Amino acid sequence: MAGQSSAQDEPVGYGEAFAALEASTLLDLDNIEAEATVDIVPMSEVEPTNGANAEAFAKMREGHAAALEDVRQQVRNNEKITSALKAEGYTADQVVAVWNDADKEVTVFVEEM
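Rules of the game
- The written sequence of each chain sets the order in which its residues are numbered from 1.
- Note on the predicted model: pLDDT of at least 70 is required for a residue's local features to be given, and 80 or more for side-chain atom pairs to be given and counted; whole-chain, interface and lining totals, by contrast, use all residues.
- Based on all heavy atoms of the structure, the side-chain values leave hydrogens and waters out of the count.
- Every helix listed is a DSSP run of H or I at least four residues long, and every strand listed is a run of E at least two residues long, numbered separately from the N terminus.
- Just to be clear, the radius of gyration here is over C-alpha atoms, and the globule rule we use is 2.2 Å times residues to the power 0.38.
- A 1.4 Å probe rolled over the protein chains alone gives each residue an accessible area, and that area as a share of the maximum for its type sets the label: buried under 20%, exposed over 50%, partly exposed in between.
- Any two strands with at least two DSSP-identified bridges between them are counted as paired.
- Pairs of residues are marked as contacts when any of their non-hydrogen atoms sit within 4.5 Å.

Asker: When you look at the overall build of the chain in this model, what are you seeing that I'm missing?
Answerer: Of regular secondary structure, the chain possesses 4 helices and 5 strands. For the chain, the α and β elements follow one another from N to C terminus as β-α-β-β-α-α-α-β-β. Against the globule reference of 13 Å for 113 residues, the chain gives a C-alpha radius of gyration of 13 Å, in line with a compact fold. If one aligns the C-alpha atoms of the chain with their principal axes, the spans along those axes are about 35 × 30 × 25 Å.

See below:
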């Protein structure tokens, strides 16, 4: 999951979104490095994979509501990520999952409103 502060060029599957949501309980965005890349991935661009789809993801989100609110607060507190979101026309309230790859690559999944 790599790129530069914009929507990804490679297709992203729901498996990756599920993994990001599941990892949200352990997420720590305080250590994001200044040179980290931030990819913003709209959920409308995420492709179904191996039975994982929008409906299944929505159900999983319900079970992670508290963790997701913590993730959104961490996003609000991280200037690099909020700037990337703003540049793409999104806010922290639209974040549905975040994947942090060794503090150098961050993928932010967002719901369009």
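Asker: I tried to follow the pairing of strand S5 (residues 105–110) on my own but got confused; where do I start?
Answerer: Strand residues, when the strand is regular, have side chains that alternate between the two faces of the sheet. In terms of residue burial, S5 counts as a mostly covered element, since 5 of its 6 residues are buried. Bridge count between strand S2 (residues 37–42) and S5: 6 bridges; the pairing is parallel. Counterpart to Asp-39 in the pairing with S5 is Thr-107. Sheet topology places strand S4 (residues 95–101) next to S5; 6 bridges connect them, and they run antiparallel. Paired with Asp-101 across the two strands is Glu-105, which belongs to S5.

Asker: Honestly, the side chain of Arg-72 in this entry has me stumped. Any pointers?
Answerer: Relative to the helices and strands, Arg-72 resides in helix H3 (residues 65–76). Aside from chain neighbours lying at most four places away, what touches Arg-72 is Arg-61, Ala-92, Asp-93, Val-95 and Val-96.

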